[in-house]
Amino acid sequence: MATEPDNVETMGYACAYTPLVLIDAAGYTPYRILPMSECPDQAGQLLHDNLCPHVKRILDRAISKDLPDLAGAVFINSCDAMRRVCDAWRHVRPDDHIILLDLPAVSDDAAIAFFAAELARLMEALSAWCGRNITDSDIETSIQQYNRLPPLFAGLRERLRQGTLAGGSTRMQTLYNEAMMTPFAKSAQSLKQALAEPESEDSDSSGTPVFLFGNVLADPEAMTLFESCGARIVEDDLCTGSRLFTPIETDGSKNPVLRIARSLLTRPPCARTFDPRRPLKMAEDILARARACGARGVIGQTIKFCDPYLDRLPAVRETLRRAGIPLLLLEGDCSLRSIEQQRTRIEAFIEMLV
C-alpha cells in the first residue's frame, strides 16, 4: 500500500478535517495514511489492545515502514485514540516533523476562530519545515486547485446514483483513494477522464440502492463485497469518501485561513462533532441524504471501540425507524476480513429490502 506519490516531499495525514490546502501551499503532497496493508499487528507494543483499529493499523504501517518517504505528519486531535497515535508516532518515527492540531467539537463563531488559530500554528510549522514563508497568495492558489475536485466528485456521485459509473462504488472508492494521496492537479485530471468516459452500459444497476455511512472504510474491495451481496451503494457519508472533498470558501474579502477553518468545520460532520442546538443533527442528516438518493435501506459501517459513533448510533437507529427506513449496523476493524465475516447479515438485510 506504500505507493510512492509523484512528489518526493509528501506530508502524511489521517483525518478528513486536515487542511489539505495548507499542506499543498507549503509545497508538500498530502498523503492519506490509510489503514490498508498486510503489516503484522505490532501496535499493541505501544497502544492498548482495546483501542480504535484505525489508529492501530496506521501505526502498524509506520512500525513496518510500509509508507512512502514522508517528510512528516499532521494529526488532528479529533478523539483520544488519534491523540494517542500521535504520541506513538513520535516514538516510532522520531525524525518526522509532527504536529497535533486541536479540533473543536462545535462550529460556532468562537470555535471557527479557535480552529483558525490552530491552522495559523500549522502554517508556522509548515513554513519552518519547508524553509519558506507560506503567503496568502500560495494559499489562494492551493484553494483554487483543490476546489476543482468537489464538483468533479459530485458529477461522479451522480453517475453512481444513476448506475452509469463503470465499476460502481468500487471504482468510486478507488478514485477517492487516489485523490487522497496525489497532487490536486493530477487528481483533477483523473476525475475529468473518469467523467469523460461513456456512460457504462454493462454496469450492474440491478442491485438494491443503499446509503452507506460511517467513519473509515477505504478498501474498494469492501464495496465489491457489498455489491456481491445484492446491494448497490448509491451514496456515502464516510471520512474516506464524500466527506473529505467539499469546497473551500472563495470570498476574497476574508482571511484565507479563517475561510478554511469555517469550511472544514461546517462540512458534513462526523460523529465526534456536536451541535447543541440540534442534538439529532447527524441522524437527521443521514435520513435526509438516504431519502435524497432514493436508498431503500441504510448500512452503518463503524470501527470497533469508536466511542463517538457508539454514542450517536441509538439516535440514528430511532430516527430511521420512525421514518420506516431499515438500518443495518456493522462493526469492523478496518479489514476486509471483518466485513466478509458479516456477509450473511448483509445478504439477509438486502433480501429484506427487495
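Definitions and cut-offs
- Residues numbered from 1 in each chain as written.
- Predicted model: local features only at pLDDT ≥ 70, side-chain atom pairs only at ≥ 80, totals over all residues.
- Heavy atoms only, no water.
- Pairing = 2+ DSSP bridges.
- Helix = DSSP H or I, 4+ residues; strand = E, 2+ residues; numbered from the N terminus.
- Axes fitted to C-alpha atoms, helices over the stretch in contact; angles between N-to-C directions.
- Contact = heavy atoms within 4.5 Å.
- 1 Å grid on protein atoms, 1.4 Å probe; cavity = no way out; pocket = protein on both sides within 12 Å on 5 of 7 lines; lining within 4 Å.
- Points joined across faces, edges and corners; volume = space filled by probe spheres on them.
- Nonpolar A, V, L, I, M, F, W, Y, C, P; charged D, E, K, R; others polar.
- Parallel < 35°, antiparallel > 145°, perpendicular 65-115°, else oblique.
- Left-handed = near helix turned anticlockwise from the far one by under 90°.

Trainee: Would you mind showing me how to read the sheet that holds strand β7 (residues 297–303) here?
Mentor: What holds strands together in a sheet is hydrogen bonding between their backbones, with the strands either parallel or antiparallel. Strands sit in the order β6-β5-β7-β8 across an open sheet of 4 strands; the sheet is parallel. Each end of this open sheet is capped by a strand with a single partner; those strands are β6 (231–237) and β8 (327–332). Along the sheet, successive strands turn relative to each other by an average axial angle of 25°, direction set aside. Here 6 bridges tie β7 to β8, and the two strands are oriented parallel to one another. Residue Gly300 lies in a different strand from β8, and its bridge partner there is Leu329. Its contacts with the sheet place helix α9 (residues 220–228) against β5 (208–214), β6, β7 and β8, and it is angled at close to 135° to β6. Running at roughly 165° to β8, helix α14 (residues 343–353) makes contact with β5, β6, β7 and β8 of the sheet.

Trainee: I'm lost on empty space enclosed by the protein in this one. Help?
Mentor: Taken as a whole and assessed by the stated rule, the structure comprises 3 cavities of 30 Å³ or more. One number sums up the size of the largest cavity: a volume of about 60 Å³. Along the walls of the largest cavity sit Leu160, Ser169, Met172, Gln173, Tyr176, Met223, Ile233, Asp236 and Leu238, which together make up its complete lining. The element that contributes the greatest number of residues to the lining of the largest cavity is helix α7 (residues 168–180), accounting for 4 residues. Partitioned by chemical class, the residues of the lining of the largest cavity number 6 nonpolar, 2 polar and 1 charged.

Trainee: Would you explain unusual backbone geometry in this entry?
Mentor: Positive phi values are uncommon outside glycine, yet Lys65 reaches one of about 60°. With respect to the secondary-structure elements, Lys65 resides in the loop between α2 (53–63) and β3 (70–77).

Trainee: Could you clarify how one ought to interpret the packing of helix α11 (residues 281–292) against helix α12 (residues 307–323) in this entry?
Mentor: Each pair of packed helices can be described by the angle between their axes along with the distance between the axes. Relative orientation of the contacting elements α11 and α12 amounts to 45°, with a least axis distance of 8 Å. Compared by their axis directions, α11 and α12 come out oblique. Between α11 and α12 lies a crossing of right-handed hand. Contact with α11, carried on its side by Met282, Ala283, Ile286, Leu287 and Arg291, involves Tyr309, Arg312, Ala315, Val316, Thr319, Leu320 and Ala323 of α12 and no other residues of that element. For the contact of α11 with α12, the class distribution of residues is 9 nonpolar, 1 polar and 2 charged.

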